[in-house]
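Descriptive analysis of the structure
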Number of protein chains: 6
Amino acid sequence: MHRLLITGAAGGIGQIMRRKLAPLAKILRLSDISDMGVAAENEELVICDLGDKHAVMELLRDCDAIVHLGGMSGEAPYSQILNANITGSLNLFEAARAHGMPRILLASSQHTVGFYRQDDYLETSAPMRPDGLYGLSKCFSELMAQMYFDKFGQETAIVRIGSCFETPRDHRMLATWLSFDDFVSLTERVFSVPKLGCPIIWGVSNNDTLWWDNKSANFLGWKPKDNSGDYRASILANVPRPDPGSVSALFQGGDFTQKPIVHDL
Amino acid sequence: MHRLLITGAAGGIGQIMRRKLAPLAKILRLSDISDMGVAAENEELVICDLGDKHAVMELLRDCDAIVHLGGMSGEAPYSQILNANITGSLNLFEAARAHGMPRILLASSQHTVGFYRQDDYLETSAPMRPDGLYGLSKCFSELMAQMYFDKFGQETAIVRIGSCFETPRDHRMLATWLSFDDFVSLTERVFSVPKLGCPIIWGVSNNDTLWWDNKSANFLGWKPKDNSGDYRASILANVPRPDPGSVSALFQGGDFTQKPIVHDL
Amino acid sequence: MHRLLITGAAGGIGQIMRRKLAPLAKILRLSDISDMGVAAENEELVICDLGDKHAVMELLRDCDAIVHLGGMSGEAPYSQILNANITGSLNLFEAARAHGMPRILLASSQHTVGFYRQDDYLETSAPMRPDGLYGLSKCFSELMAQMYFDKFGQETAIVRIGSCFETPRDHRMLATWLSFDDFVSLTERVFSVPKLGCPIIWGVSNNDTLWWDNKSANFLGWKPKDNSGDYRASILANVPRPDPGSVSALFQGGDFTQKPIVHDL
Amino acid sequence: MHRLLITGAAGGIGQIMRRKLAPLAKILRLSDISDMGVAAENEELVICDLGDKHAVMELLRDCDAIVHLGGMSGEAPYSQILNANITGSLNLFEAARAHGMPRILLASSQHTVGFYRQDDYLETSAPMRPDGLYGLSKCFSELMAQMYFDKFGQETAIVRIGSCFETPRDHRMLATWLSFDDFVSLTERVFSVPKLGCPIIWGVSNNDTLWWDNKSANFLGWKPKDNSGDYRASILANVPRPDPGSVSALFQGGDFTQKPIVHDL
Amino acid sequence: MHRLLITGAAGGIGQIMRRKLAPLAKILRLSDISDMGVAAENEELVICDLGDKHAVMELLRDCDAIVHLGGMSGEAPYSQILNANITGSLNLFEAARAHGMPRILLASSQHTVGFYRQDDYLETSAPMRPDGLYGLSKCFSELMAQMYFDKFGQETAIVRIGSCFETPRDHRMLATWLSFDDFVSLTERVFSVPKLGCPIIWGVSNNDTLWWDNKSANFLGWKPKDNSGDYRASILANVPRPDPGSVSALFQGGDFTQKPIVHDL
Amino acid sequence: MHRLLITGAAGGIGQIMRRKLAPLAKILRLSDISDMGVAAENEELVICDLGDKHAVMELLRDCDAIVHLGGMSGEAPYSQILNANITGSLNLFEAARAHGMPRILLASSQHTVGFYRQDDYLETSAPMRPDGLYGLSKCFSELMAQMYFDKFGQETAIVRIGSCFETPRDHRMLATWLSFDDFVSLTERVFSVPKLGCPIIWGVSNNDTLWWDNKSANFLGWKPKDNSGDYRASILANVPRPDPGSVSALFQGGDFTQKPIVHDL
């Protein structure tokens, strides 16, 4: 690839991917609404509000591929969700359409299905059950991706990221952990497979504990290598076991299911 | 019921329901952004922009039940969809939550699944495939209803209305037609069943031609009586048969699948 | 048929079937642990405790067909369930095996699945979820029937009777009602179909409200004719609507789900 | 339609359809390998061996629609099956391709699935289980139709005819009967629906006894009206009940499952 | 855990688990109807007939967790099955309810599904098909566990043990083998997962030959490590291959399907 | 095994199997229509046209097992497909029936399902969608195998071979590659399992990229070891990526979907 755009490059995952995805393209264009520091030689830095249609249109110019990590990445008041995630998605897909429809990896979230129980085992076709405004906005983005695929042929990999951290941090992450390296290998597959389409992919490592079935994405040839099970003993020893009746033990979305709705508009 | 609110009362379906649902409640509160004429004795008329949070909050005060027909009912520029359908839905559900969570009948649309082929036979659990911004906004409303049910217990009947007219008008409506009387009998069932939950219901009459399976809503005891098949001969005689390769013959959403996206914000 | 045995002939359904099934056989053998009155010309009356192996062995001698309505027909202390329903079932199937394996219609119950929600729509293959010791004993009988079929070829129609009364009596029975006539027509089909096998059949009339899918029994050619919907208006007018949070509105088994377990052995 | 071709016009179903389908087209072209008597005013009679590639090519010239009843319609030696049904199918589809791909109604057979048990309830997607060389040849024709649709867009309605007679004749036909009128109404739907595709349709009336689920063909709007149940009493009274262990009671294909394979080539 | 109860501690599996599960708890309470030898320092030995309600009530006092291996573990006369497995189960669950509902691992059996064919691939939701009185009693225990969960919230892991031996012994055990170590690791997961619910788990190692799908238990994070395939060459060399028409080659339950029913009550 | 017959022994796979399967039997009987060179000590060479009924009848005499690789192994004119694959299959199964029904491994092909998309994930029960006359003839052979099993008990392993080469050669083969060694281990399992039945098996290695689900064949205990993923980097570097809109990127059957139909009879 010539130029790969990473949005949300100042965020938690974004900072890692800025480093790890560098080998995939000659030029990395990085965007965020926050400061991203100093550009390396192969980098272009663009401060950009995703809710600004014209800025996003400029942002995508001359990009071959997009890793869209930008927008609010957790529960937030409606005004922020609306600007960055809802209108922001439309801005992104409209800009992509205007610029030759480069392939997109869309960072969606397990909070699109957060109200399923932890002993439910989900295929990607399971009806969505968002656990808040954030989850709802990610459902919206996913369905917009599907609509742009059906209507215009835009290819997007919808990646429902579980918990993308250095290591799993609590009992729930034994199921939801996605290692950085597995995210990188998934990104490689998404941009090298001849035909992508518009698949939903559970962004989760090869964990012993498993809530999600990725068989519908087997055509990608992605095999995550890391396993949260390697950290189980440590978590059992150091992290208090959640009460069996608590949302942390009951729902896939954990405490997101209990966060308040803030309608500030 | 004491007071039933019908939003969108000046619209095509709204005008009919204003008359036909009158026997269900002592008082009809009717709202629209457009003029609704003169109030009858049992009616309260409220001009209301669904995108106005405070207005909607007032609108729902003291209502026992809501038939939500309001908002844009076809493809429209993003600014209008956003105001009336997206923010409008949040306004509605927040107001319902503040006012004791009266049961809601939410008018959704077949355009949530408009990109399925006409020879697909869908259960309500089929993944959504919206055919435009309008369909996408209806997906958003449906998922918001589900979220308010999971999070707060708000009961909503999600009715995916096909084509609600006096009679079916073309070949596609042989499958999608919902008669006014069948809509009325469905409304009666929604508000009289002891426990509603948050079901998705295909809003379609007892047509010979069938794309949608309502078995997941069988617990309601709703039996539509009208049949588009009674009008088949007339349609075959009077309406040109669409080209087999046209979107009118291919997709459930018909020509909505070809309407442009207008991003005017 | 020459001789048809009806067990439980003094019970609520038994008394009706004694009269209505008479045309199906030259001789009716009727049994119960309670008094059954005076025998008509075509009748043989046998007082019999189903928990008595030898008595049951005699009871089945020379019978061509069995309608097994006997045993406890509602929640009861364990000692009674054990004697009549659990050991009683083994006595029945062993006697049938000794006497040429006449075809059996086994009266099972919806309480084998009483813990499903009322908005669940069940096929006969759904995992059982009994709502008490009674339901559990019926699960046991059903599985015993299946085992005698797999092991010895004994044919049994497992009929999960909903609510078999003259008319439906409350909101729940709008879904569960089985009319007497429909039970009779089902019995006729069970004993006239060339090959029966060991099907599970939902014993329910052609009600508008429907929780159960009988498609796996379509090969029988049974078409129930009565419809609880004819009584809906009357029930809505005369029977208080159950609270949406009550077990009467939530679970298919209604208040059986709340009955205590009595272990008296 | 201008010219409708009916092959196999001298056969049992063919003779009836010659009369009943006449109103559908200005001209009926009728073909068979046997004598078809005298042509009526609107008829063209063509003696044709379906195994003769050139003859079939001529036969389809200038036809708008084809009802393909021709070929062996029951178990037969391999040489005959091969000529009329296997090579005959290829001749037909190649000729259709050469002549503008007129829509085809292909008479297939329940013997494509004859080895299922009578208490199996089949959707059209069930794997095929032919019960002899005849059934196997019909599988071949069905798959060829699918291949011509996938490869070239040729539309074909694959109708798995059960037992098409004036009335049902035995216990098995209570499930398999297709009345002549229902076949006619199906034919009308096949040729008037805007987009046909390549559906498999169970060719069976609205019988109480049902082995097959036609939901995947609901988009056609075909509602069979006749019911074998109207003849049940008569069959129970006059036709000996088959032994429960016999193939007539066990398998959907009945005694076809026991017919010998004759390899005469 | 403070005190772990193992019932059936004198049995084949019990003796192994007595040793291998010791690290899981401070105190092991061990029960059996047979002699268990001398108590180690951390052990409490209780001779107990599971059919004795009062004895079982005492047995469970002050236990944090239960591994229920007790009762008849193979086909047996009805009186023994009834006492230890049927009434025994009720005694156990009633005692658990009285003592704060400690988590239970219930040793069930593959003989709950013994009449499936060896080329059937089963999910845990497959309808039960017991192969004798023993299997039937295990179905009863499983459904009782489900009922106590639905009614009272009692958590139970239902483990359908295949063949739990040092090594696999014949062709059938290539599919059914559960190693001791894998049983131990499963037990650890059952008692450490925050929320257990009432899952059915196939108790089987990571064998190449597989009849059962454990995906519904993936949330436990249990990964069996042993593989019967390591013993395949040895079994092929030393154990006669069963006749393809024999029950050993046909049914999952093997020769249990042919054992006689002994009704001795 | 005493004598193993390999048909198609001069073909690409046949030559390899001639060497690799030698340890499985005392005598290898090898057949082809082409020259097979010189017989080794344990070999019998038979030149045989599979379309010749009498030759095939002789060919199978005294064989214990058959690996049927013979016939056209790619798209070909109808006359050749008909002789070797269609009539050839009947010749083979009739000969097997006459000679005690030795177990057969039937080399079928992924071209039975070639018109599925590459992002479809198929179980063996998916309806067939052949991509040409060759694929169609393999469907015919598969269904004939099923029919001989249902009718006569003939056991056949239907192996849908993907791409059986030394190494994968292009992007599509990352999904379809079957290594020689994995084919050998599958053959061993097919001939050593006590009961085979008539399963369909995807003949594919343990590739990271996966279009096909082999769970229905898990009872065989076959675990392929090789992985096309080991060659991914090399293919990405050396083989041009197919255009996303090309049949090579869209369909499982690749360019077979575009090959012409040649009807030369």
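These numbers come from a predicted model, not from an experiment.

1. Quick notes on the interface of chain D and chain F
- Listed per partner, the contact involves 36 residues of chain D and 37 residues of chain F.
- Together, the buried faces of chain D and chain F total about 3,100 Å²; carbon and sulfur atoms form 69% of this surface.
- In this structure, the connection of chain D to chain F is made through two salt bridges.
- Arg129 of chain D serves as the salt-bridge partner of Asp150 of chain F, at 2.7 Å between the closest nitrogen and oxygen.
- At the junction of chain D and chain F, the tally comes to 16 residue pairs in polar contact (both at pLDDT 80 or more).
- Within the residue set of the side of chain D that touches chain F, elements represented by two or more residues are helix H3 (78-98) and helix H4 (133-152) of chain D.
- Among the elements that make up the side of chain D that touches chain F, the one with the highest residue count is H4 of chain D (12 residues).

2. What to know about the relation of the copies chain D and chain C
- Rotating chain D by 120° and translating it 0.0 Å along the rotation axis places it on chain C, where the RMSD comes to 0.0 Å. With respect to symmetry, the two chain copies, as superposed, fit the operation of a three-fold axis. Rotation axis and chain D: the residue whose C-alpha lies nearest the axis is Lys215 of chain D, separated from it by 7.1 Å.

3. Section: the interface of chain D and chain C
- The interface is formed by 15 residues belonging to chain D together with 14 residues belonging to chain C.
- The junction of chain D with chain C conceals about 1,300 Å² of combined surface from both sides, 55% of it contributed by carbon and sulfur atoms.
- Put simply, chain D and chain C have zero salt bridges between them.
- Viewed at the interface, chain C and chain D are joined by five residue pairs in polar contact (both at pLDDT 80 or more).
- Those elements giving two or more residues to the side of chain D that touches chain C turn out to be helix H7 (232-238) and helix H8 (247-250) of chain D.

4. A word on the packing of aromatic side chains
- Counted under the stated rule, the structure contains 45 aromatic pairs over all chains.
- For the ring pair Tyr148 of chain A and Phe152 of chain A, a centre distance of 5.3 Å and an interplane angle of 45° mean the geometry is tilted. Here Tyr148 of chain A and its partner Phe152 of chain A are both found in helix H4 (residues 133-152), four residues apart, which amounts to about one turn of the helix.
- According to the relative accessible area criterion, Phe152 of chain A is partly exposed, its value standing at 26%.
- Both rings, one in Phe140 of chain C and one in Phe140 of chain E, keep their centres 5.8 Å apart while their planes meet at 90°; by these two values the pair is edge-to-face. Taken together, the positions of Phe140 of chain C in helix H4 (residues 133-152) and Phe140 of chain E in helix H4 (residues 133-152) put the pair across two chains. Each member of the pair, Phe140 of chain C as well as Phe140 of chain E, is classed as buried.
- Grouping aromatic residues by their ring pairs yields a cluster made of Phe93, Tyr148 and Phe152 of chain A.
- The ring of Phe152 of chain A carries Arg97 of chain A above its face, with NZ or CZ at 4.1 Å from the centroid.
- In this structure, Arg169 of chain D is placed above the aromatic ring of Phe165 of chain D, and the distance from its NZ or CZ to the ring centre is 3.8 Å.

5. Thoughts on the UniProt feature "domain: NAD-dependent epimerase/dehydratase" (unreviewed entry) in chain A
- The positions that UniProt labels "domain: NAD-dependent epimerase/dehydratase" (unreviewed entry) are, in the present scheme, residues 5-164 of chain A.
- Overall, residues 5-164 of chain A shows 36% helix and 22% strand. The separation of its end C-alpha atoms is 20 Å.

6. Digging into the sheet that holds strand S3 (residues 43-47) of chain E
Residue and element names in this part refer to chain E.
- Spatial strand order, S3-S2-S1-S4-S5-S7-S10: seven strands in an open sheet with parallel pairing. Whereas interior strands pair on both sides, the edge strands pair on one side only; in this sheet they are S3 and strand S10 (200-203). When strand polarity is set aside, the average angle formed by the axes of neighbouring strands in this sheet is 20°.
- As defined by bridge partners, strand S1 (residues 3-7) adjoins strand S4 (residues 65-68) across four bridges and the pair is classed as parallel. Its bridge partner being in S4, Leu5 is matched across the sheet by Ile66.

7. Structural notes on the sheet that holds strand S10 (residues 200-203) of chain B
Residue and element names in this part refer to chain B.
- If you walk across this open sheet you meet the seven strands as S3-S2-S1-S4-S5-S7-S10, and the pairing is parallel. Strands with a single pairing partner mark the edges of an open sheet, and in this sheet they are strand S3 (43-47) and S10. The mean angle between the axes of side-by-side strands here comes to 20°, regardless of whether they run parallel or antiparallel.
- By the bridge criterion, four bridges tie strand S7 (residues 156-161) to S10 in an arrangement that is parallel. Bridge pairing in S10 places Val159 opposite Ile201.
- Contacts from helix H4 (residues 133-152) reach strand S5 (103-109), S7 and S10 within the one sheet, and its direction differs from that of S5 by about 155°.

8. Some remarks on the arrangement of the chains
- A minimum C-alpha distance of 16 Å separates chain B and chain F, which share no contact.
- At no point do chain C and chain F touch; the closest pair of C-alpha atoms across them sits 19 Å apart.

9. Some words on unusual backbone geometry
- With phi around 70°, Asp62 of chain B is a residue other than glycine that occupies positive phi space.
- Structurally, the position occupied by Asp62 of chain B is in the loop between helix H2 (53-59) and strand S4 (65-68).
- Judged by its relative accessible area of 53%, Asp62 of chain B falls in the exposed class.
- Phi angles above zero are rare outside glycine, and Met101 of chain C is one such case at about 55°.
- Structurally, Met101 of chain C is set in the loop between helix H3 (78-98) and strand S5 (103-109).

10. A look at empty space enclosed by the protein
- Across all of its chains, the model carries seven cavities of 30 Å³ or more by this definition.
- Volume-wise, the largest cavity comes out at about 160 Å³.
- Elements represented by at least two residues in the lining of the largest cavity include exactly helix H6 (180-192) of chain A together with helix H5 (173-176), helix H7 (232-238) and helix H8 (247-250) of chain F.
- Within the lining of the largest cavity, the residues separate by chemical class into eight nonpolar, five polar and four charged.

11. Some points on the pattern of salt bridges
- Inspection of the entire model under this criterion finds 78 salt bridges over all chains.
- A salt bridge links Glu155 of chain A to Arg103 of chain A; its shortest N-O distance comes to 2.9 Å. Of this pair, Glu155 of chain A sits in the loop between H4 and strand S7 (156-161) while Arg103 of chain A is found in strand S5 (residues 103-109), placing the two residues 52 residues apart along the sequence.
- Since its relative accessible area comes to 11%, Glu155 of chain A is described here as buried.
- For the salt bridge of Glu44 of chain B with Arg3 of chain B, the shortest nitrogen-to-oxygen distance reads 3.1 Å. Here Glu44 of chain B is found in strand S3, whereas its partner Arg3 of chain B is found in strand S1 (residues 3-7), with 41 residues between them in sequence.

12. Quick word on helix H1 (residues 12-20) of chain D
- Listed in full, the buried residues belonging to H1 of chain D are Gly14, Ile16, Met17 and Arg18 of chain D.
- If you follow the buried residues of H1 of chain D, they end up packed against strand S1 (3-7), strand S2 (27-32), strand S3 (43-47) and helix H6 (180-192) of chain D.

13. Here we look at the relation of the copies chain D and chain F
- Rotating chain D by 180° and translating it 0.0 Å along the rotation axis places it on chain F, where the RMSD comes to 0.0 Å. Put plainly, the chains are arranged around a two-fold axis.
- The residues that chain D uses at the interface reappear at the interface of chain F in 100% of cases, marking a shared surface.

14. Observations concerning the packing of helix H3 (residues 78-98) of chain A against H4 of chain A
All names here are of chain A.
- As a packed pair, H3 and H4 sit with axes 10 Å apart at the nearest point and diverge in direction by 15°. One element, H3, and the other, H4, form an angle in the roughly parallel class. Crossing of H3 over H4 shows right-handed handedness. Residues Tyr78, Ile81, Asn85, Ile86, Ser89, Leu90, Phe93, Glu94 and Arg97 of H3 form the contact with H4, whose own contacting residues are Leu133, Tyr134, Ser137, Lys138, Phe140, Ser141, Met144, Ala145, Tyr148 and Phe152.
- Grouping the constituent residues of the contact of H3 with H4 by class yields 12 nonpolar, four polar and three charged.

Definitions and cut-offs
Residues numbered from 1 in each chain as written. Chains lettered and ligands numbered in written order. Predicted model: local features only at pLDDT ≥ 70, side-chain atom pairs only at ≥ 80, totals over all residues. Heavy atoms only, no water. Contact = heavy atoms within 4.5 Å. Buried area = accessible area lost by both parts, 1.4 Å probe. Salt bridge = Lys/Arg side-chain N within 4 Å of Asp/Glu carboxyl O. Polar contact = N/O pair within 3.5 Å; in protein donor to acceptor, adjacent residues only side chain to side chain. Helix = DSSP H or I, 4+ residues; strand = E, 2+ residues; numbered from the N terminus. Least-squares fit on C-alpha atoms with pLDDT ≥ 70 in both. Phe/Tyr/Trp six-rings, centres within 6.5 Å; stacked < 30°, edge-to-face > 60°. Buried < 20%, exposed > 50% of the residue type's maximum accessible area, 1.4 Å probe, protein only. Lys NZ or Arg CZ within 6 Å of the ring centre and 35° of its normal. UniProt positions renumbered as here; feature names shortened; annotations may be inferred. Pairing = 2+ DSSP bridges. Axes fitted to C-alpha atoms, helices over the stretch in contact; angles between N-to-C directions. 1 Å grid on protein atoms, 1.4 Å probe; cavity = no way out; pocket = protein on both sides within 12 Å on 5 of 7 lines; lining within 4 Å. Points joined across faces, edges and corners; volume = space filled by probe spheres on them. Nonpolar A, V, L, I, M, F, W, Y, C, P; charged D, E, K, R; others polar. Parallel < 35°, antiparallel > 145°, perpendicular 65-115°, else oblique. Left-handed = near helix turned anticlockwise from the far one by under 90°.

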